[in-house]
Amino acid sequence: LREVNMIERARQKRVFEGSMPPMTDESSLELRRTMMSEQELREWRVREDEIHEMQDERVAQFAAQLRHAADEINKTWEDRVEHVRQIKLTEKDKALSAIQRRRIKALRKLSDGRKAVDAEESRAKRDIVRDYADYSSSVYAPVTREGKVTQDKLSHQYEIDPALLSGLQRIEALEASLPESALH
C-alpha cells in the first residue's frame, strides 16, 4: 500500500512538473515559485502523515509486545501458583493419609483391647475359695443389680404383722412379748 502511494505521488509530481509554466518571464517565474512552494508544503504534509503513521504502527507494535510480555509473565506466575498449589495438595493428601493410618491403627488397638478384655472375662473361672474368703464378695452380699435378691434366713422371726399395731392394747401386748434387752 505504501509503495502504491509512492508511485501515485511520483506520477502526480511528474504531472505537476509538466503543468508548470516555463521560466520565460518574471510573472511566470513568480507563479512557478509559488506553485513549487505549495507543492513542497504538500510533500511535507504527506511526509509528516507518513511519519505519524509509522509512529502509530511502532506504538501499536510496542503495546502489543508489552501485552505479550505481560501475558507471558502472568502465565509464568499462574504456572508457579498452580505448581505450588499442586505441591500443597499433595502434602495435604499425604498428611490426611497419615492421619487416617494412625486412626485405623488406634481403632485396631482399641478393638484388640476389647477383644482381649472380653476373652479374659470369658476365660476367667470363678475362684470359689477366694469368693468365700472375701466377706465383701457377692457370695455373702450379692448385688441386686445383677438380679440376685437374697432374703435373710431368719427374717421370719422379725416380721411384724401390721394387725398387731392397730390398737393400744395390741402394742402393749407386743411390748410384753419382747425380751427385756430389746426395749433398752
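Reading the values: rules and limits
- Residues numbered from 1 in each chain as written.
- Predicted model: local features only at pLDDT ≥ 70, side-chain atom pairs only at ≥ 80, totals over all residues.
- Heavy atoms only, no water.
- Helix = DSSP H or I, 4+ residues; strand = E, 2+ residues; numbered from the N terminus.
- Buried < 20%, exposed > 50% of the residue type's maximum accessible area, 1.4 Å probe, protein only.
- Contact = heavy atoms within 4.5 Å.
- Areas by Shrake-Rupley, 256 points an atom, 1.4 Å probe, with all protein chains shown as cover.
- Phe/Tyr/Trp six-rings, centres within 6.5 Å; stacked < 30°, edge-to-face > 60°.
- Lys NZ or Arg CZ within 6 Å of the ring centre and 35° of its normal.
- Patch = residues over 30% accessible without salt bridge, like charges linked within 9 Å, V, L, I, M, F, W, Y side chains within 5 Å.
- Salt bridge = Lys/Arg side-chain N within 4 Å of Asp/Glu carboxyl O.
- Lys, Arg positive; Asp, Glu negative; His and termini not counted.
- Charge placed at Lys NZ, Arg CZ, Asp CG, Glu CD.

J.: Please clarify how the overall build of the protein chain should be interpreted in this entry.
T.: In terms of regular secondary structure, the protein chain is built from five helices and zero strands. When each of the 184 residues of the protein chain is scored for burial, the buried share is 5%. Relative to all contacts within the protein chain whose residues are 6 or more apart in sequence, the contacts with residues 24 or more apart total 13%. Summed over all atoms, the accessible surface of the protein chain reaches about 17,200 Å², with 56% contributed by carbon and sulfur.

J.: Even after reading the chapter, I still don't get the packing of aromatic side chains, so can you show me in this structure?
T.: One pair of aromatic rings is described through two measures. These are the centre distance and the angle between the planes. For the structure on display, the rule yields zero aromatic pairs. Seen from the ring of Trp77, Arg80 lies directly overhead, with NZ or CZ sitting 4.9 Å from the centre.

J.: How should I be thinking about the side chain of Ser28 in this particular structure?
T.: By the element assignment, Ser28 lies in helix α2 (residues 26-123). If we skip the residues at most four places from it in the chain, Ser28 touches Pro21, Pro22 and Met23.

J.: It is not clear to me how a nonpolar patch on the surface should be interpreted in this structure. Could you clarify?
T.: Taken together, Ile128, Tyr132, Tyr135 and Tyr140 make up a surface patch of nonpolar side chains, about 490 Å² in accessible area. Residue placement: Tyr132 occurs in helix α3 (residues 128-133).

J.: Help me out: how do you make sense of a negative patch on the surface in this one?
T.: Taken together, the side chains of Glu48, Asp49, Glu53 and Asp56 define an acidic patch exposed on the protein surface. Along the chain, Asp56 turns up in helix α2.

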